[in-house]
Amino acid sequence: MSAAETTEGTLGDATIRTVRLSKWYGKVTALQDVSLHLHASGPNTSGIWGLLGPNGSGKSTFLGLAAGQLRPSLGSIRVGGVSPFANPNVLAHIGLCPEADALYDDLSGLEFVSAMARLSGCRRQESRDRAAAALERFGLKNEMHRPIGGYSRGMRQRTKLAQATVHEPRVLLLDEPLTGTDPKSRSVILDQIRERAAQGCLVVFSTHVLHEVEALTEQVLLIARGQLVAHGHVHEIRDLLEEHPHHIRVVCSDSRRLAARLASEEQEIVGIRFPSESCVEFETTAPEATYAAITKALVQDEHRLESITSPDATLEALFHYLVARGTHGAGTGADAEVGQHSPSPSLR
Amino acid sequence: MQNTLTIAGRQFRSFFNGATAYIVMAIVLMVLGFFFWQTFFLFGRATAREMFTWLFRILVFAVPALTMGLIAEEKRTGTIELLITMPVTDAQVILGKFLGVAGLYGIMLLLTLAYPMSISTLGNLDWGPVWTGYVALALQGAAMVAIGLMASSFTDNQLVALFIALTINLFFWMISLFLPLLPSELASIFEWISFNYHFDSMTRGVVDLRDVLYFLSVAAIALMVAFRSLESRRWR
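The sections below set out a description of the structure shown in this document.

The rules behind these values
- Residues numbered from 1 in each chain as written.
- Chains lettered and ligands numbered in written order.
- Predicted model: local features only at pLDDT ≥ 70, side-chain atom pairs only at ≥ 80, totals over all residues.
- Heavy atoms only, no water.
- Helix = DSSP H or I, 4+ residues; strand = E, 2+ residues; numbered from the N terminus.
- Buried < 20%, exposed > 50% of the residue type's maximum accessible area, 1.4 Å probe, protein only.
- Contact = heavy atoms within 4.5 Å.
- Areas by Shrake-Rupley, 256 points an atom, 1.4 Å probe, with all protein chains shown as cover.
- Buried area = accessible area lost by both parts, 1.4 Å probe.
- Salt bridge = Lys/Arg side-chain N within 4 Å of Asp/Glu carboxyl O.
- Polar contact = N/O pair within 3.5 Å; in protein donor to acceptor, adjacent residues only side chain to side chain.
- Nonpolar A, V, L, I, M, F, W, Y, C, P; charged D, E, K, R; others polar.
- Core = buried A, V, L, I, M, F, W, Y, C linked by side-chain atoms within 4.5 Å.
- Pairing = 2+ DSSP bridges.
- Axes fitted to C-alpha atoms, helices over the stretch in contact; angles between N-to-C directions.
- Parallel < 35°, antiparallel > 145°, perpendicular 65-115°, else oblique.
- Left-handed = near helix turned anticlockwise from the far one by under 90°.
- Patch = residues over 30% accessible without salt bridge, like charges linked within 9 Å, V, L, I, M, F, W, Y side chains within 5 Å.

A short note on the overall build of chain A
(1) Moving on: The helix and strand tally for chain A stands at 11 helices and 13 strands.
(2) Moving on: Split into buried and exposed, the 348 residues of chain A put 54% on the buried side.
(3) Moving on: Summarising the internal contacts of chain A: among those between residues at least 6 apart in sequence, 69% fall at separations of at least 24.
(4) Moving on: By element, 48% of the accessible surface of chain A is carried by carbon and sulfur atoms, the whole surface being about 14,700 Å².

A word on the interface of chain B and chain A
(1) Moving on: Counting residues at the interface gives 23 residues for chain B, matched by 27 residues for chain A.
(2) Moving on: Carbon and sulfur atoms supply 62% of the area that chain B and chain A bury against each other, a total of about 2,500 Å² over both sides.
(3) Moving on: Taken together, the connections running from chain B to chain A amount to one salt bridge.
(4) Moving on: Arg10(B) serves as the salt-bridge partner of Asp106(A), at 3.6 Å between the closest nitrogen and oxygen.
(5) Moving on: Joining chain B to chain A, the criterion identifies three residue pairs in polar contact (both at pLDDT 80 or more).
(6) Moving on: Considering every element that reaches the side of chain B that touches chain A, the biggest residue donor is helix H1 (residues 2-17) of chain B, with seven residues.
(7) Moving on: Classifying every residue of the side of chain B that touches chain A by side-chain character gives eight nonpolar, 10 polar and five charged.

Observations regarding the nonpolar core
(1) Moving on: Core analysis: the biggest nonpolar cluster contains 114 residues, and Phe112(A), Leu59(B), Leu137(B) and Phe195(B) have the highest contact counts within it.
(2) Moving on: Examining the composition of this core, we find that 13 residues originate from one element, helix H8 (residues 127-153) of chain B, more than from any other.
(3) Moving on: Beyond its immediate sequence surroundings of up to four residues, Phe112(A) is in contact with Leu103(A), Tyr104(A), Leu107(A), Ile148(A), Thr159(A), Gln163(A) and Leu82(B).

Some words on unusual backbone geometry
Residues and elements named next belong to chain A.
(1) Moving on: For arginine 225, which is not glycine, the phi dihedral falls at a positive 50°.
(2) Moving on: Counting through the fold element by element, arginine 225 comes out in the loop between strand S8 (219-224) and strand S9 (227-233).
(3) Moving on: Positive phi, close to 55°, is recorded for glutamate 302, a residue that is not glycine.

Focus: the environment of Arg13(B)
(1) Moving on: Relative to the helices and strands, Arg13(B) is located in helix H1.
(2) Moving on: Each C-alpha atom of the pair Arg13(B) and Leu95(B) lies 16 Å from the other, and the pair is 82 residues apart in sequence.

Overview of the pairing of strand S1 (residues 15-25) of chain A
All names here are of chain A.
(1) Moving on: Alignment of S1 against strand S2 (residues 28-39), held across eight bridges, turns out to be antiparallel. Opposite threonine 15, over in S2, you have histidine 39 as the bridge partner.
(2) Moving on: The hairpin turn running from S1 into S2, its antiparallel successor, is two residues long, and glycine 26 in that turn takes a positive phi close to 60°.
(3) Moving on: Two elements, S1 and strand S4 (residues 74-79), share five bridges in a ladder whose sense is antiparallel. Each bridged residue has a counterpart across the sheet, and for isoleucine 16 the counterpart in S4 is valine 79.

Examining the packing of helix H9 (residues 255-265) of chain A against helix H10 (residues 287-300) of chain A
Residue and element names in this part refer to chain A.
(1) Moving on: As a packed pair, H9 and H10 sit with axes 10 Å apart at the nearest point and diverge in direction by 130°. Regarding the angle of H9 to H10, the classification is oblique. Crossing geometry of H9 relative to H10 is assigned as right-handed. Residues Leu258, Arg261 and Leu262 of H9 touch H10, and the partners they reach there are Ala293, Ile294, Lys296, Ala297, Leu298 and Gln300.
(2) Moving on: Of the residues assigned to the contact of H9 with H10, the class counts are six nonpolar, one polar and two charged.

Describing the sheet that holds S1(A)
Hydrogen bonds between backbone atoms are what pair the strands of a sheet, whose relative direction is either parallel or antiparallel.
Residues and elements named next belong to chain A.
(1) Moving on: Read from one edge of the open sheet, three strands run S2-S1-S4, paired in antiparallel fashion. A strand with exactly one partner marks an edge of an open sheet, and here the two such strands are S2 and S4. For this sheet, the mean inter-axis angle between neighbouring strands, taken without regard to orientation, is 20°.
(2) Moving on: Against the sheet, helix H1 (residues 59-66) engages S1, S2 and S4, with an angle of about 120° to S1.

Structural notes on a nonpolar patch on the surface
Residue and element names in this part refer to chain B.
(1) Moving on: A contiguous nonpolar patch, built from Met1, Leu5, Leu95 and Leu99 and spanning about 380 Å² of accessible area, is present on the exposed surface.
(2) Moving on: Relative to the assigned elements, leucine 99 resides in helix H6 (residues 90-112).
(3) Moving on: A residue is classified by how much of its surface remains accessible, and leucine 99, at 33% relative accessible area, is partly exposed.

As for the pattern of salt bridges
(1) Moving on: All told, the structure shown has 17 salt bridges over all chains when counted by the stated rule.
(2) Moving on: Two residues, Asp191(A) and Arg194(A), come together in a salt bridge whose shortest N-O distance is 3.1 Å. With Asp191(A) and Arg194(A) both in helix H6 (residues 183-198), this residue pair falls three residues apart, about one helical turn.
(3) Moving on: Of the charged contacts, one joins Arg228(B) and Glu231(B) as a salt bridge, the two residues approaching to 2.7 Å between their closest N and O atoms. Taken together, the residues Arg228(B) and Glu231(B), both in helix H12 (residues 209-232) and three residues apart, mark about one turn of the helix.
(4) Moving on: Given a relative accessible area of 19%, Glu231(B) falls into the buried group.
(5) Moving on: What emerges from the salt-bridge pattern is a single network uniting Asp101(A), Asp105(A) and Arg156(A).

Let's talk about the environment of Phe62(A)
All names here are of chain A.
(1) Moving on: Locating phenylalanine 62 in the fold gives a position in helix H1.
(2) Moving on: On the accessibility criterion, phenylalanine 62 (1% relative accessible area) is buried.
(3) Moving on: Considering only alpha carbons, one finds phenylalanine 62 and isoleucine 223, 161 residues apart in sequence, at a separation of 9.8 Å.
(4) Moving on: When residues no more than four places from it in sequence are discounted, the contact partners of phenylalanine 62 are Ile16, Thr18, Leu21, Leu31, Leu36 and Leu51.

Quick notes on the sheet that holds strand S3 (residues 48-52) of chain A
Residues and elements named next belong to chain A.
(1) Moving on: Read from one edge of the open sheet, six strands run S5-S6-S7-S3-S8-S9, paired in mixed fashion. Only two strands of the sheet have a single partner each, and these edge strands are strand S5 (94-97) and S9. Adjacent strand axes in the sheet meet at a mean angle of 15° when their direction is disregarded.
(2) Moving on: With five bridges connecting them, strand S6 (residues 171-175) and strand S7 (residues 202-207) associate as parallel partners. Residue pairing in the sheet places leucine 172 in a bridge with valine 203 of S7.

Laid out in structure tokens, this is it:
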């Protein structure tokens, strides 16, 4: 039992600590051997953690475990030092905004959020007051009396966030909170998340879009295929993206002549292959320089160009790259304390 | 208790926010009126016994229609995830849902009072059996609502939930029709577990504690199974 752990079954500090946390459904492994320690804002941290990973990587499973919806198959998870699984005392201090667009469409926004506040332990009038204030904070003052069924996607997302924050939780878990939101909704949501964190709330939000993390926090956890593959600051992830060998695919009239010229002139090109007769794929460590060289060669040699694409200009490619390298930590600046049970060394 | 009542209130209101409650209540009252009044004047007696018999049969079909979406719809839409992340226990969710439907069922029974009141204007109605009949309907309703809730907790498909609940209700009703075909030892057991056996004695004006316990036991067992079924989601 850690120092922060309590014996009464109530929440201690606003922290999430996992030790060799694993979750599988039958033969499918959703999360594997994740050890970490996340905490609210302090001297070196904003209290906001971005959980970054491609679809199906295990982000929602992690949040489900932290929200007490799921029981770990192996290992442990503690929120404020206490297991959240089916523990109402802890759940009263957790706010969850699920990814699914699941709301009671027949209720008005105010009725829905009030009901959720009531279930979190607020009295009738208090829950109504809090619900109205929460909806107002999320810019739904004029719409709160309308049935949710008539809300736009952005309004529904903000309603979910209002219910997640109405009881002023100490740990806020947000599953893809910016999905489908318009710029106005996005701005409101980001401001509210920052405000919650500034008030001492631990915020963990999942996304598969890097710039969404950058808009909120410097602290990021990369998760892929159920494993924590890296953690650290966003700029370290950016560095990894640049370090990651990049593929550029060109379809033109004479792909072999183009390949021969670039192979002789560009030292950054570390691999060339021909997926088809008219197509050449370059692997480079300096994408921008290689793009410029390709363009120059195409013009000077008067090639008939059909397309230039990159098959792996996505985070997914980075995740695969990191998994293949067997890495487990992005940098020295990480505030997430990855546990001693991590299976592989940090990436330096 | 606050959480249970909050869930019950939300469930109760949701019936009236949509058309479900109005449609089911209208159909029950119309079908009951049709069958009851059709034969009432043939008997020439001021009694509500036939009404209870018809109401019993109609509710076997109507209650599953009210309960089919209780958990199944929440599973399908994903709102069950919201609910179980709240600091509420599974028992509170089940009990809240049960009370929500029980409230609507109670209103439906209240509306049927129009029939015995009409009978009383036509003749000298003995209100004793009427009140015990309503006690029987309330108890049978509790059992059928619990069975419907249990069926709804098994699936995320409302039609499947309807089919399961209907099958169980029909079993408890129809089993009494097949008693002559069964060996005497089995017949007495199946007679005892049928709804009719306990219901009929109450509509005659006799409230036997064993009949009360029977319906309450069926309701308690069904609620327990529903609770375990909901709880099992967490143990995947």
